[in-house]
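# A look at the structure
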Amino acid sequence: MTGAGVGATADLVEVRILGLPLDIWEKSQAHVDDLLREFTLLVDGTRDHHSRHVPARLLALVERVQRDYDGMTTEQQSQLIDAAQQGAESIDLTYQVPAGAAAAAEALAAELDAADEFCRSGDYLLTLATPPEALAFRRWFLGEFSNQISGRAPTPWPQWREAAAAD
């Protein structure tokens, strides 16, 4: 995982993502792709002066997400795509990340939550807010970076999902 402030030369920490459900990942990825596509159109429109009424907070959010999180995890992305094409139901992934990736994961989670606020308002974005299952997936996935970098053991998706449902 890369992103602003992650620090490429720091000691690396292993983060293991266990039991990642490929069906939910595909739905979640499609939603994020839709959102990023709309972000691109929004930014292009403001450059062409067609969207003067877009709030500065939304434009700043779009800029941060595009700048800080573009091109993340290409090796794992390839593994996910390959596993999905082979019809696998789930996959385990291993990341080697600097300790700063915890802060980057938390920042990305906050940015995507902010994007969901704009989606729910319906004023500036056509993309719907993240569906509940994809939101749970996002919280688990990004949370695993923070949790494991701080020394906790990995929590497989099925176990996390059961615990979240019990709360």
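Fair warning: this is a prediction, and the values are worked out from it, not measured in the lab. (Residues numbered from 1 in each chain as written. Predicted model: local features only at pLDDT ≥ 70, side-chain atom pairs only at ≥ 80, totals over all residues. Heavy atoms only, no water.)

## Structural notes on the side chain of Thr 130
Relative to the assigned elements, Thr 130 resides in the loop between α4 (101-121) and α5 (132-149). For Thr 130, a relative accessible area of 11% puts it in the buried group. A polar side-chain atom of Thr 130 sits 2.8 Å from a polar atom in the side chain of Asp 116. A polar atom in the side chain of Thr 130 sits 3.0 Å from the side chain of Arg 138. Excluding anything up to four places from it in sequence, Thr 130 contacts His 31, Asp 116, Leu 135 and Arg 138. (Helix = DSSP H or I, 4+ residues; strand = E, 2+ residues; numbered from the N terminus. Buried < 20%, exposed > 50% of the residue type's maximum accessible area, 1.4 Å probe, protein only. Polar contact = N/O pair within 3.5 Å; in protein donor to acceptor, adjacent residues only side chain to side chain. Contact = heavy atoms within 4.5 Å.)

## Structural notes on the packing of aromatic side chains
This structure, assessed with the given rule, holds eight aromatic pairs. Centroid distance Phe 137 to Trp 140: 5.8 Å. Interplanar angle 50°. Geometry classified as tilted. Within this pair, Phe 137 and its partner Trp 140 are both found in helix α5, separated by three residues, close to a single helical turn. Phe 137 sits in the buried class, given a relative accessible area of 5%. What makes Trp 140 buried here is its relative accessible area of 1%. Consider the rings of Phe 141 and Phe 145, whose centres lie 5.5 Å apart with planes at 65°: the pair is edge-to-face. Placement of both Phe 141 and Phe 145 in helix α5 is noted, with a separation of four residues, approximately one turn of the helix. Phe 145 carries the same exposure label as Phe 141, and that label is buried. Members of the aromatic cluster, connected to one another through ring pairs, are Tyr 95, Phe 137, Trp 140, Phe 141, Phe 145, Trp 157 and Trp 160. (Phe/Tyr/Trp six-rings, centres within 6.5 Å; stacked < 30°, edge-to-face > 60°.)

## Quick look at the packing of α5 against helix α6 (residues 157-166)
With their axes 11 Å apart at the nearest point, α5 and α6 run at an angle of 115° to one another. Our pair here, α5 against α6, has a crossing hand that is right-handed. Judged by residue contacts, Glu 133, Ala 136, Phe 137, Arg 139 and Trp 140 of α5 engage Trp 157, Trp 160 and Arg 161 from α6. Its residues placed into classes, the contact of α5 with α6 shows five nonpolar, no polar and three charged. (Axes fitted to C-alpha atoms, helices over the stretch in contact; angles between N-to-C directions. Left-handed = near helix turned anticlockwise from the far one by under 90°. Nonpolar A, V, L, I, M, F, W, Y, C, P; charged D, E, K, R; others polar.)

## Structural notes on the nonpolar core
Formed by 32 residues in total, the largest nonpolar core has its most connected members in Ile 17, Leu 20, Tyr 95, Phe 141 and Phe 145. Contributing elements (two or more residues each) for this core: β1 (12-21), α1 (22-47), α3 (74-85), β2 (90-98), α4 and α5. At eight residues, α4 tops the list of elements feeding residues into this core. Setting aside residues no more than four positions away along its own chain, Leu 20 makes contact with Trp 25, Leu 80, Glu 89, Ser 90, Ile 91, Leu 93, Phe 137, Trp 140 and Phe 141. (Core = buried A, V, L, I, M, F, W, Y, C linked by side-chain atoms within 4.5 Å.)

## Description of the packing of α4 against α5
Between α4 and α5, whose axes approach to 8 Å, the crossing angle comes to 160°. One element, α4, and the other, α5, form an angle in the roughly antiparallel class. In terms of crossing hand, the pair formed by α4 and α5 is left-handed. Along the contact surface, α4 presents Ala 101, Ala 102, Ala 105, Glu 106, Leu 108, Ala 109, Leu 112, Asp 113 and Asp 116, while α5 presents Leu 135, Arg 138, Arg 139, Leu 142, Phe 145, Ser 146 and Ile 149. In terms of residue class, the contact of α4 with α5 is made up of ten nonpolar, one polar and five charged. (Parallel < 35°, antiparallel > 145°, perpendicular 65-115°, else oblique.)

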